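Now for the letters of each chain:
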Amino acid sequence: MNSITTLLKKNLKQSSMVIALVLITLLFQVLTDGTLLKPLNITNLILQNSYILILAVGMVLVIITGHIDLSVGSVAAFIGAISAILMINMQMNPVLAVIICLAAGALIGAWQGFWVAYVGIPAFIVTLAGMLLFRGLTLVVLQGQSIAPYPESFQKLSNGFLPDLFGGTDIHIFSIVIGVAVSLILIGLEINGRNNQLRYNFEVGSKGLFYAKLVAIFAVVNTFTYVLATYRGLPNILVILFVIIVAYTFVMKKTIIGRHVYAVGGNLKAASLSGVQTKKVTFGVFVNMGVLAALSGLIFAARLNAATPRAGNLFELDAIAAVFIGGASAYGGVGTVVGAVIGGLVMGVMNNGMSILGLGIDWQQAIKGLVLLAAVAFDIINKKKS
Amino acid sequence: MKSESIILEMKSITKEFPGVKALDNVNLKVVEAEIHAICGENGAGKSTLMKVLSGVYPYGTYEGDILFKEQLCEFKDIKQSEDLGIVIIHQELALIPELSIAENIFLGNEQAKKGVINWNETVSKARDLLNKVGLQESPNTLIKDIGVGKQQLVEIAKALSKNVKLLILDEPTAALNENDSENLLNLLMELRSQGMTSIIISHKLNEIKKVANSVTIIRDGQSIETIDTADITEDRIINGMVGRSLTNRYPERQPNIGETFFEVKNWSTFHPVQNERQIVKDVNLHIKKGEIVGIAGLMGSGRTELAMSIFGKSYGKKTTGEVYKDGKPLNLTNVTKAINEGIAYVSEDRKEYGLILMNDIKENISLASLNKIANNHVINDNKEYVVAEEYRTKMNIKTPSVTQKVGNLSGGNQQKVVLSKWMFSEPDLLILDEPTRGIDVGAKFEIYTIMNELASQGKGILVISSELPEIIGMCDRVYVMSEGEITGEVKKADATQEVLMKYMTNSRG
Ligand SMILES: Nc1ncnc2c1ncn2[C@@H]1O[C@H](COP(=O)(O)OP(=O)(O)OP(=O)(O)O)[C@@H](O)[C@H]1O
Ligand SMILES: [Mg+2]
């Protein structure tokens with residue numbers, strides 16, 4: 001018991017986020033009479049929120065370095081527009097078009113990163129300019145009109161599901177297999193980590209607790225994939241999301257690059273005197289944001305099956321809110337990828353739940369605003385106490 | 001003899017932070033109109049005690065009683081203690097660089113009627129206060145345009161404006177040169193003769209001996225003893241602080257000096273903004289293997305700028321000159337290259353330039369040498385932990401764990417973390433800029449020992465220091481800088497305070 005409370009305290013920020021997510025989910029599950037967690041709705045939830053989650057992953061890096069990016073919504077729209085020109089007007093091969101679009105995103109990120117990192121203009125201003133610039137360019141490219149429809153293969157990016165290699169009929173067997181495999185890999189990593197710590201003679205938590213954690217991991221992952229398998233299996237987009245979240249968590253937690261990103265946000269001068277190439281890091285973070293914004297724009301366009309001038313409107317605010325709900329600091333140096341994703345899910349579940357309840361967009365906005373404030377206030381008050 | 005009146009009494013003060021008992025039943029009695037010094041090793045709890053006294057840590061977060069003028073005090077915040085005339089000047093100055101002297105003095109205490117500031121009164125009152133502290137500057141000068149010594153005087157003027165009865169100074173002279181320190185201490189003595197009481201925390205024992213009427217010693221969060229004027233000697237204080245006597249201030253060393261391995265030739269650099277101002281002028285210097293070389297000079301003589309411009313062009317514009325290591329020319333265009341060439345620079349300003357305060361000890365120690373604990377860019381957390389533990393023991397960093405945030409450490413222990421970081425980078429040339437600023441005598445000895453050890457391994461050490469005894473005690477050879485030029489080179493045998501001072505104040509030609 002004792003070790004559970006210390007464990008919780010140690011990860012208070014992270015665990016309080018998870019608890020908040022679980023509570024909000026349960027609340028809406030009850031309010032919606034169980035509609036929220038129906039397989040169909042969970043699938044929808046993932047599809048609806050994927051582009052915000054991807055933006056949030058990029059945004060948390062930007063915010064950790066002490067900057068902000070207001071332009072991501074416009075960039076997503078602009079890339080969506082370009083993709084429509086390429087694929088619909090010019091009939092380009094979708095794979096090639098996607099690659100070109102991601103490269104364009106990187107270029108846009110490099111453009112903004114140049115002004116922030118090398119010229120020293122505050123990111124707030126650079127990306128505010130970018131927000132106007134790329135929204136304007138979107139309108140120019142689309143000539144104020146929507147363009148549709150996309151080729152079928154491109155739509156699959158957002159609306160497709162993994163094929164069932166095992167030919168299940170009522171249930172998607174391949175998805176279940178993937179669930180089992182992923183949970184086993186996670187368990188293997190946990191055991192490996194613990195053994196490593198033991199090898200260095202570090203204190204580790206009690207054995208019982210550790211096994212409980214392993215069982216929990218196995219149960220959660222497999223329940224999730226099972227529920228999805230009873231509908232149409234794993235959406236393609238979930239696979240992309242999973243890969244992105246795992247890759248970025250790894251980079252930020254375990255690699256030198258990640259450390260350098262945190263160091264730049266923690267104390268720019270000290271980082272630079274320690275041999276961190278602060279300008280390159282800042283530049284790189286913006287390039288990365290550009291690529292992810294482009295990906296987000298593509299996914300959104302594929303889901304709508306159209307490029308529209310208003311696409312991506314207010315995405316930047318949802319992404320920023322997700323990052324702060326997820327425990328990042330507005331002063332830089334603090335934040336996690338997983339936190340940002342959980343923050344994004346909190347917002348997503350609320351959006352979805354309130355929509356099912358038939359609450360109007362007006363009230364949804366107001367309530368989301370209050371939740372953002374409450375989450376951050378809770379975090380800060382908690383910090384003061386300790 | 002008239003019985004002395006006690007102005008302040010702190011009784012059995014206990015203060016705990018998560019995992020640390022910073023103060024454990026501390027008692028302190030201060031007599032009216034005296035200068036009362038508090039001494040103790042780094043992390044002993046001196047700053048914490050003063051923060052309790054001034055309401056930074058409000059009533060209820062500590063145990064024990066505070067009696068000020070025989071009145072029980074339960075301060076909820078700093079404002080309440082200031083209302084009674086208790087004013088603290090913190091270890092880190094708290095002035096706003098972009099505001100003027102007058103604005104800073106009356107910050108939070110604006111001279112205003114109905115919310116409208118009376119600038120004439122502000123400026124004229126500020127002028128009176130500046131006269132009192134003996135600072136000849138216009139009240140309209142911006143804080144960023146005056147040096148630290150003068151800033152310290154502004155802090156005191158600010159305190160005086162609040163009708164101070166008890167002034168607390170936490171290491172006020174740590175960043176000051178000898179002249180400025182002397183000024184400040186004289187001012188304190190003068191204010192004492194006018195009836196003001198002050199508490200001063202300092203690691204400079206000679207100063208304490210000079211000004212203090214009594215000294216309270218704190219060791220590991222406990223008050224050990226209070227020594228009165230007649231008995232104050234440096235040895236006595238040290239004895240109380242570390243619990244044993246320290247016979248030598250500088251560790252024994254048999255220099256084993258090899259050949260020249262590091263050379264700087266015709267080195268010049270200009271101010272980064274004021275393009276015409278040359279900060280370092282045509283400097284030539286060399287360092288031999290196993291040699292400890294000092295750079296003496298007044299504040300503003302260009303020592304830090306010289307070091308930083310060599311260290312991967314971290315300072316200055318239009319930098320010219322050559323650097324050779326082992327006879328080969330180096331092109332040190334950024335810090336990474338400098339580190340890779342085996343150069344390390346320990347900054348004088350640990351908070352601004354040395355540490356990431358919100359990160360923990362182990363992350364700070366590893367930051368400059370992540371390659372050493374990584375495989376293919378992937379960091380081995382366990383290895384990092386082990387390395388940090390190693391340095392915690394070796395450098396005697398006082399902390400419950402290396403996962404502690406560096407921002408929560410005492411000043412001296414923060415300095416040890418910065419040193420650990422650069423030792424872990426295993427440099428061939430270690431440049432130390434004011435390495436013992438704010439460090440207690442015991443820890444100074446430890447740092448000197450480490451310097452000697454590195455030298456005996458054949459590394460070169462370049463020390464910038466404003467404390468001449470330290471330069472004289474430690475260095476095999478000393479360069480003296482004045483106004484950006486090297487004005488003298490002195491061998492250990494010839495190095496005396498007088499000789500160094502002469503070069504420090506005379507510019508060449
Ligand atoms: N906010 C805090 N959280 C946790 N521990 C703290 C905090 N502030 C101080 N400490 C711990 O309390 C102890 C006393 O610190 P304090 O700053 O009072 O030392 P000090 O005597 O002023 O040392 P120095 O001479 O180095 O300035 C140290 O061990 C320090 O790590
Ligand atoms: Mg202190």
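All values reported here derive from a predicted model rather than from experimental measurement. (Residues numbered from 1 in each chain as written. Chains lettered and ligands numbered in written order. Predicted model: local features only at pLDDT ≥ 70, side-chain atom pairs only at ≥ 80, totals over all residues. Heavy atoms only, no water.)

A. Structural detail: the overall build of chain B. Of the regular secondary structure elements, chain B holds 17 helices and 24 strands. For 509 residues, the compact-globule estimate of 2.2 N^0.38 gives 23 Å, and chain B sits close to it at 24 Å. Considering only C-alpha atoms, chain B reaches an extent of 70 × 50 × 45 Å along its principal axes. Out of the 509 residues in chain B, the part that is buried amounts to 53%. The contacts of chain B with a sequence gap of at least 6 include a subset with a gap of at least 24, amounting to 67%. Element-wise, carbon and sulfur atoms account for 45% of the exposed surface of chain B, whose accessible area totals about 22100 Å². On chain B, the mean spot of the 60 positive side-chain charges and the mean spot of the 70 negative ones are 2 Å from each other. (Helix = DSSP H or I, 4+ residues; strand = E, 2+ residues; numbered from the N terminus. Rg over C-alpha atoms; globule rule 2.2 N^0.38 Å. Buried < 20%, exposed > 50% of the residue type's maximum accessible area, 1.4 Å probe, protein only. Contact = heavy atoms within 4.5 Å. Areas by Shrake-Rupley, 256 points an atom, 1.4 Å probe, with all protein chains shown as cover. Lys, Arg positive; Asp, Glu negative; His and termini not counted. Charge placed at Lys NZ, Arg CZ, Asp CG, Glu CD.)

B. Quick peek at the domain arrangement of chain A. Residue and element names in this part refer to chain A. Assigned domains of chain A: these are domain 1 (40-160 + 236-377) and domain 2 (163-234). Placing a centre on the C-alpha atoms of domain 1 and another on those of domain 2 gives a separation of 28 Å. Across the boundary between the two partners, domain 1 contributes 7 residues, which contact 6 residues of domain 2. Taken together, the two surfaces of domain 1 and domain 2 that pack against each other cover about 670 Å², and 79% of this comes from carbon and sulfur. Contact with domain 2 buries surface across domain 1, with Ile42, Thr43 and Leu238 losing the most and accounting together for 49% of the total. For the pair domain 1 and domain 2, the interface holds 0 salt bridges. Scanning the region where domain 1 abuts domain 2 turns up 0 residue pairs in polar contact (both at pLDDT 80 or more). Mapped onto the side of domain 1 that touches domain 2, the elements with two or more residues apiece are helix H3 (39-64) and helix H10 (236-254). Tallied by class, residues from the side of domain 1 that touches domain 2 come to 5 nonpolar, 2 polar and no charged. (Domains from an automatic or database assignment. Buried area = accessible area lost by both parts, 1.4 Å probe. Salt bridge = Lys/Arg side-chain N within 4 Å of Asp/Glu carboxyl O. Polar contact = N/O pair within 3.5 Å; in protein donor to acceptor, adjacent residues only side chain to side chain. Nonpolar A, V, L, I, M, F, W, Y, C, P; charged D, E, K, R; others polar.)

C. Broad picture of the site of ligand 1. Residue and element names in this part refer to chain B. The full set close to ligand 1 counts 19 residues, and Gly43, Lys46, Ser47, Thr48 and His203 are the nearest of them. In the environment of ligand 1, an oxygen atom lies 2.8 Å from a nitrogen or oxygen atom belonging to the backbone of glycine 43. Alanine 44 is positioned such that a nitrogen or oxygen atom in its backbone is 3.3 Å from an oxygen atom of ligand 1. Notes on ligand 1: free accessible area 640 Å², of which the protein chains cover 88%. Listed by contribution, the elements that provide at least two residues to the shell around ligand 1 are strand E2 (20-31), helix H1 (46-53) and helix H14 (411-424). If one sorts the elements of the shell around ligand 1 by residue count, H1 sits on top with 3 residues. (Near = heavy atom within 4 Å.)

D. Summary view of the domain arrangement of chain B. Residue and element names in this part refer to chain B. For chain B, the assigned domains read domain 1 (3-242), domain 2 (258-342 + 427-509) and domain 3 (351-426). One C-alpha centre belongs to domain 1, the other to domain 2, and the line joining them spans 34 Å. At the junction of the two partners, domain 1 supplies 16 residues and domain 2 supplies 13 residues. Our count for the domain 1 to domain 2 interface comes out at 3 residue pairs in polar contact (both at pLDDT 80 or more). Ranked by residues supplied to the side of domain 1 that touches domain 2, first place goes to helix H8 (residues 234-242) with 3 residues.

E. Here's a closer look at the interface of chain A and chain B. Taken together, the 25 residues of chain A in the interface contact 34 residues of chain B. Counting each side, the surface lost to burial between chain A and chain B is near 2400 Å², with a carbon and sulfur contribution of 60%. Taken as a group, Ile256, Arg259 and Leu273 of chain A account for 30% of the area that chain A buries against chain B, more than any other trio of residues on that side. In this structure, the connection of chain A to chain B is made through 3 salt bridges. Among the ionic pairs, glutamate 384 of chain B bridges to arginine 259 of chain A, the shortest N-O distance being 2.7 Å. Here the residues of the side of chain A that touches chain B sort into 10 nonpolar, 12 polar and 3 charged.

F. Just the sheet that holds strand E5 (residues 71-73) of chain B, in detail. All names here are of chain B. Pairing is antiparallel in the open sheet, where 4 strands are placed in the order E2-E1-E4-E5. Since the sheet does not close on itself, it has two edges, and those belong to E2 and E5, each with one partner. Adjacent strand axes in the sheet meet at a mean angle of 20°, parallel and antiparallel pairs treated alike. As paired strands, strand E4 (residues 63-68) and E5 are joined by 3 bridges and run antiparallel to one another. Residue pairing for E5: phenylalanine 68 is matched across the bridge by glutamine 71. This element, H1, spans strand E1 (6-17), E2 and E4 of the sheet and lies at about 115° to E1. (Pairing = 2+ DSSP bridges. Axes fitted to C-alpha atoms, helices over the stretch in contact; angles between N-to-C directions.)

G. Region of interest: the UniProt feature "domain: ABC transporter" (unreviewed entry) in chain B. Sequence positions flagged by UniProt for "domain: ABC transporter" (unreviewed entry) are, in local numbering, residues 8-245 and 262-508 of chain B. Secondary structure over residues 8-245 of chain B splits into 34% helix and 29% strand, and the C-alpha atoms at its two ends are 30 Å apart. (UniProt positions renumbered as here; feature names shortened; annotations may be inferred.)

H. How the structure looks around a nonpolar patch on the surface. Together, Val18, Ile19, Val22, Leu23 and Leu26 of chain A line one region of the surface with nonpolar side chains, adding up to about 430 Å² of accessible area. Residue placement: valine 22 of chain A occurs in helix H2 (residues 12-31). (Patch = residues over 30% accessible without salt bridge, like charges linked within 9 Å, V, L, I, M, F, W, Y side chains within 5 Å.)

I. The arrangement of the sheet that holds strand E17 (residues 328-330) of chain B in detail. All names here are of chain B. The 4 strands are arranged E14-E13-E16-E17 in an open sheet whose pairing can be described as antiparallel. The sheet terminates laterally at strand E14 (278-288) and E17, the two strands that pair on one side only. Ignoring strand direction, the axes of neighbouring strands in this sheet form an average angle of 10°. Here 6 bridges tie strand E13 (residues 260-270) to strand E16 (residues 317-325), and the two strands are oriented antiparallel to one another. Paired with lysine 265 across the strands is glutamate 322, a residue of E16.

J. Representation of the pattern of salt bridges. Residues and elements named next belong to chain B. Applying the stated rule across the entire model yields 25 salt bridges over all chains. With a closest N to O distance of 2.8 Å, aspartate 476 and arginine 253 form a salt bridge. One end of the pair, aspartate 476, is in the loop between helix H16 (468-474) and strand E23 (477-482); the other, arginine 253, is in the loop between H8 and E13, with 223 residues separating them in the sequence. Accessibility classification places aspartate 476 together with arginine 253 in one group, the buried group. Its salt-bridge partner being glutamate 348, residue arginine 437 comes within 3.6 Å of it at the nearest N-O pair. Placement of the pair is arginine 437 in the loop between strand E21 (429-433) and helix H15 (441-456) and glutamate 348 in the loop between strand E18 (343-346) and helix H11 (350-354), with a sequence separation of 89 residues. Overall, the relative accessible area of 16% leaves arginine 437 in the buried class. Exposure remark for glutamate 348: the relative accessible area of 26% places this residue in the partly exposed category.

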